[in-house]
Amino acid sequence: MHKATEFKLEARPSIPESLSRLDELANDLFYSWDHGVRNLFARIDPRLWQKVAHNPKLFLRRVAQNRLDEAAEDRAFLSEYRRILSTYDAYLEVEPGPEVTTQLDPETSLVAYFCAEFGFHESFPIYSGGLGILAGDHCKAASDLGLPFVAVGLLYQQGYFIQTINAQGQQVARYQSHFSDELPISLVELDGAPLLVSVPFPGRVVYAKVWKARVGHICLYLLDTHVEENSPEDRELTLQLYGGDETTRISQEMLLGIGGVRVLDALGLSPTVWHINEGHAAFLILERCRKAMAEGLTFDAALELNAGSTLFTTHTPVPAGHDIFSRGLVQHSLGEYLAEAGLDFDTVFRLGSKNSGDSVNMTSLGLRGSRFHNGVSRIHGGVASRMEGEIWPQIPPEDNPIGYITNGVHVPTFLAPEWSSLFDIQAPTWKSELRNPDFWEFVDRIPDYHYWSVHKALKQQMGDYIVRCLRRQHRRNGTGHSATERMTQHLVSPEKDTMVIGFARRFATYKRATLIFSDLERLERLLTDPERPVVVVFAGKAHPKDKPGQQMIRVIHDLAMQPALMGHIILLEDYDQAMARRLLCGVDVWLNTPEYPKEASGTSGEKAALNGALNLSVLDGWWGEGYNGKNGWTINPRSIDLDPEFRNQEEARDLLDLIEFEVIPLYYNRASQGYSKGWVQRSKASMKTITPRFNSQRMVMDYVERYYQPACTQGKKLSANNYQLATELADWKERIRRDWKGVSLSVRQRMPAECLHDQEINLAVSVQLNGLKPEDVHVECLVTPECTGTHECTGSDRILLQCEAEDDEQTGGDTLFSARILPPYPGLQSLRIRMYPFHEGLTHPLEMGAMIWL
Ligand SMILES: *Cc1c(COP(=O)(O)O)cnc(C)c1O
């Protein structure tokens, strides 16, 4: 049979004059958090809006002319259109408040934020999971706050894959090309021609064009190698997010790090703070050093200069999240670039080596190339300090410079509009109180019935949505009608208000999606109790190369298809941000069972809490700070020294115990009013304690205060007077590195073992400085109280010893340091004396990683 060639023709509408600014709205990611803008598009043609997957630009190309013409004549629509536009204009007019301008002067400072993925909205699929969503939320909050801020990333034509799960429970990954004119971006032109940046690659130059995405007040620039100047292979370098092999990965990272700096240069932007969000972008250090060297600085001075204005954030302790490139690959890939830059491989290797391995670790490179560093929760900050401790070899991990800022989520994006409207009535100024926990006490004043009715309405919307998804998925898979009906049975009768537990995130193995199945018999009994049924909904993608992750999907699929559990276990395909919003607003309980301490932060539980869902989670990541005993439930992780199998069993038993004895009884303790008072109370406790702490405004302001402002100041100090301090520091560090090996501390005078509480004692040590000067070091005594019931055992007092005499003859050339002190604590205390190199210009006093103890 002859198969006809098919030509696609798209008849585009013309937008009526009176609606001309729809185009502007479609080109600003403001729509990704403003429900009003999205509703405006949906109103014109609700079915098409679904069909184009909530993509405003695509919608405006495909919508029928008569729909637009009708809208242009519809007075109700026009008034809504004008209302939305005035909200938008008002948003753009807001100037940054003093909390920002006193820290970062918008005229003279600029934060550049680099990340490999950005998750703003489902219509812009250049994200895979938590990291991307977090980066999107960071940008959104930066826009809300009016920060001087610019973001840099890559434009992946195919983005991340679309997932289907077939009848056998196999994940099928499909990549779809997105044409740039379907995305909320525009091509960056310079002097009338598209801007092209180039990066030297082995034996060739790779070019990238640049796209600009508007995110309210700020911009995101994305590099794209799909240009004629490149070979067909190079055009595909930016094809997929986390696709291809090691060579693809390092090439992408060269484009992001090196190319990204060149984009900002070409645009005439001069950031004063550089934020490397995860190791993928760490090559930007090299490019900035290259530029400084072109101005005459040595590499070491260039590094001091640039590192001082750079923040590196590490996001995971899981090895797969850290890129490690072999020496050969780096030498080959960067060879030409390094030669041009006047750098040698050993320099890169010195910055990027870890555990004396023969490879370059992008996390190590990021850490050595920056002077500000953080993890993303209190627990993770500690874990990262230990994992990366060798960067500061002589510093105890608890003292090394890795701090933490706990991740938060963008409230306007993830809070259901139904809640937002309720808050508008109850506490009209709530949007400007996102960092004020006291203010959020207002949640308790919402009448219970009103509170519950909002939750119930959202839950029903979620139920309808899940039913639609399941029917579509199973029609395609050929599942029988009766099975599909049974699958959805508990969601189609909202009056029964069946408890729903949600679990959705990437299927990475450490997240242990299948932990809840450890005792199937018991689980089945709990879920299928006819009086108190429970539904557990799962969704998530596994990386196409992650076979164990895909195996977890299969296990859940099989259980969901078993007659005994059908309708109680549900597996949805193609988790994305749209599905996340639905599930997070609708479930009663949000489940998270990571293997401690691998969940660096996690953010989905924060989104659930904003919307009144209760967290049931292993005490890891953000939940370690969020849980207060009354606002959810927690599974205490067992010691990581135990056999993993045993650990899983124990934690799984805790989980089922909680579900059986606490969660289900509380949920179904319904009085005549039809809902559980105790549940509502707990849910309110969760909403009011979590919303004002785990949101992205608080997070970004923490970044501003603890890192951006200090980095900006440090950068200015280092570059003043023709880079005087940077040069001085580089020389000083070289001297310290050379001479430190010979320094030593010894007791000058025996320490008394006891004294009276008001009796001064003398601390005195002899220091062999090995040619260093007394002012090159700090000698200090740490006093730690003995833990007794009356004292907290945290922290120590630090007492600085002063130089008393140099080259003291009595001690044969040693230098004497001493201090007279009163015992800081009553009773028993321990005293430890240590010395480290010190220079006033250092960003962090222990950044050299050198320290000796008496
Ligand atoms: C928030 C979010 C995540 C992160 O979920 P975690 O449970 O924190 O891993 C992943 N994907 C999407 C679509 C999200 O919205």
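Since we're looking at a predicted model, the values are computed, not measured. (Residues numbered from 1 in each chain as written. Predicted model: local features only at pLDDT ≥ 70, side-chain atom pairs only at ≥ 80, totals over all residues. Heavy atoms only, no water.)

**Things to note about the overall build of the protein chain**
- Scanning the protein chain from N- to C-terminus turns up 28 helices and 29 strands.
- On C-alpha atoms alone, the protein chain measures out to a radius of gyration of 29 Å, which is about the 29 Å that the 2.2 N^0.38 rule sets for 854 residues.
- On the principal axes, the C-alpha backbone points of the protein chain span a range of 100 × 70 × 50 Å.
- For the protein chain, the proportion of its 854 residues judged to be buried stands at 60%. (Helix = DSSP H or I, 4+ residues; strand = E, 2+ residues; numbered from the N terminus. Rg over C-alpha atoms; globule rule 2.2 N^0.38 Å. Buried < 20%, exposed > 50% of the residue type's maximum accessible area, 1.4 Å probe, protein only.)

**Topic: the nonpolar core**
- Among the nonpolar cores identified, the biggest contains 178 residues, and L22, F114, F118, F124, F149, L334 and Y708 are the most heavily contacted of them.
- Among the elements that line this core, the one with the most residues is helix α28 (residues 696-739), at 17 residues.
- Apart from residues lying up to four places away in sequence, L334 is in contact with M254, I258, F283, L286 and V348.
- With 66 residues, the next largest nonpolar core counts L458, F503, L655 and V680 among its residues. (Core = buried A, V, L, I, M, F, W, Y, C linked by side-chain atoms within 4.5 Å. Contact = heavy atoms within 4.5 Å.)

**A short note on the UniProt feature "modified residue: N6-(pyridoxal phosphate)lysine" (unreviewed entry) in the protein chain**
- Per the UniProt record, "modified residue: N6-(pyridoxal phosphate)lysine" (unreviewed entry) is found at K607.
- A residue is classified by how much of its surface remains accessible, and K607, at 6% relative accessible area, is buried. (UniProt positions renumbered as here; feature names shortened; annotations may be inferred.)

**With respect to the packing of helix α21 (residues 520-527) against helix α26 (residues 644-667)**
- Where α21 meets α26, the closest approach of the two axes is 11 Å, and the angle between their N-to-C directions is 15 degrees. One element, α21, and the other, α26, form an angle in the roughly parallel class. The two elements α21 and α26 cross, and the hand of that crossing is left-handed. Packed against α21, whose contacting residues are R522, L523, R525 and L526, the element α26 presents R653, L656, D657, I659, E660, F661 and I664 at the interface. (Axes fitted to C-alpha atoms, helices over the stretch in contact; angles between N-to-C directions. Parallel < 35°, antiparallel > 145°, perpendicular 65-115°, else oblique. Left-handed = near helix turned anticlockwise from the far one by under 90°.)

**As for the UniProt feature "domain: DUF3417" (unreviewed entry) in the protein chain**
- The feature "domain: DUF3417" (unreviewed entry), as annotated in UniProt, sits at residues 15-123 in this numbering.
- Between the C-alpha atoms that bound residues 15-123 there is a distance of 21 Å. The span itself is 55% helix and 4% strand.

**Regarding the pairing of strand β2 (residues 149-154)**
- Within β2, six of the six residues are buried, leaving the element largely enclosed by the surrounding structure.
- Burial along β2 is two-sided: the face carrying F149, A151 and G153 and the face carrying V150, V152 and L154 are both buried.
- Of the pairings in the sheet, the one linking strand β1 (residues 111-114) to β2 comprises four bridges and is parallel in character. Looking across to β2, one finds that A112 is bridged to V150.
- Running through helix α8 (residues 130-145), the crossover from β1 to the neighbouring parallel element β2 is right-handed. (Pairing = 2+ DSSP bridges. Right-handed = clockwise from strand over helix to strand, strands pointing away.)

**Observations concerning the pairing of strand β20 (residues 589-592)**
- Burial of the side chains of β20 extends over both faces: V589 and L591 are buried on one face and W590 and N592 on the other.
- As paired elements, strand β17 (residues 499-504) and β20 share two bridges and run parallel to each other. By the bridge assignment for β20, G502 is matched with W590.
- For β20 and strand β21 (residues 614-618), the ladder comprises four bridges, and the chain directions are parallel. Bridge assignment links V589 to a residue of β21, and that residue is L614.

**Looking at the packing of aromatic side chains**
- Taken as a whole and judged by the stated rule, the model has 37 aromatic pairs.
- Measuring from centroid to centroid gives 6.4 Å for F439 and W440, while their planes differ by 70 degrees, and the two rings are edge-to-face.
- Taking relative accessible area as the criterion, W440 reaches 0% and is therefore assigned buried.
- Here R327 stacks its cationic end above the ring of F349, 4.6 Å away from the centre of that ring.
- Across the ring face of F161, the terminal group of K541 is positioned such that the distance to the ring centre comes to 5.3 Å. (Phe/Tyr/Trp six-rings, centres within 6.5 Å; stacked < 30°, edge-to-face > 60°. Lys NZ or Arg CZ within 6 Å of the ring centre and 35° of its normal.)

**A word on the domain arrangement of the protein chain**
- Split by domain assignment, the protein chain resolves into domain 1 (17-93), domain 2 (106-407 + 703-720), domain 3 (425-694) and domain 4 (743-853).
- Look at where the C-alpha atoms of domain 2 and domain 3 centre, and you get two points 33 Å apart.
- The interface of domain 2 with domain 3 comprises 41 residues on the first partner and 40 residues on the second.
- When domain 2 packs against domain 3, the two sides together hide about 3,000 Å² of surface, and 52% of this comes from carbon and sulfur.
- Ranking the residues of domain 2 by area buried against domain 3 places Q163, I165 and I379 at the top, with a combined share of 20%.
- Counting the contacts that link domain 2 with domain 3 gives two salt bridges.
- With a shortest N-O distance of 3.9 Å, E705 and R435 are connected by a salt bridge.
- If you look at where domain 2 meets domain 3, you find 20 residue pairs in polar contact (both at pLDDT 80 or more).
- Mapped by element, the contributors of at least two residues to the side of domain 2 that touches domain 3 are α8, β3 (162-165), β4 (171-174) and α16 (378-387).
- When grouped by side-chain class, the residues that make up the side of domain 2 that touches domain 3 number 18 nonpolar, 18 polar and five charged. (Domains from an automatic or database assignment. Buried area = accessible area lost by both parts, 1.4 Å probe. Salt bridge = Lys/Arg side-chain N within 4 Å of Asp/Glu carboxyl O. Polar contact = N/O pair within 3.5 Å; in protein donor to acceptor, adjacent residues only side chain to side chain. Nonpolar A, V, L, I, M, F, W, Y, C, P; charged D, E, K, R; others polar.)

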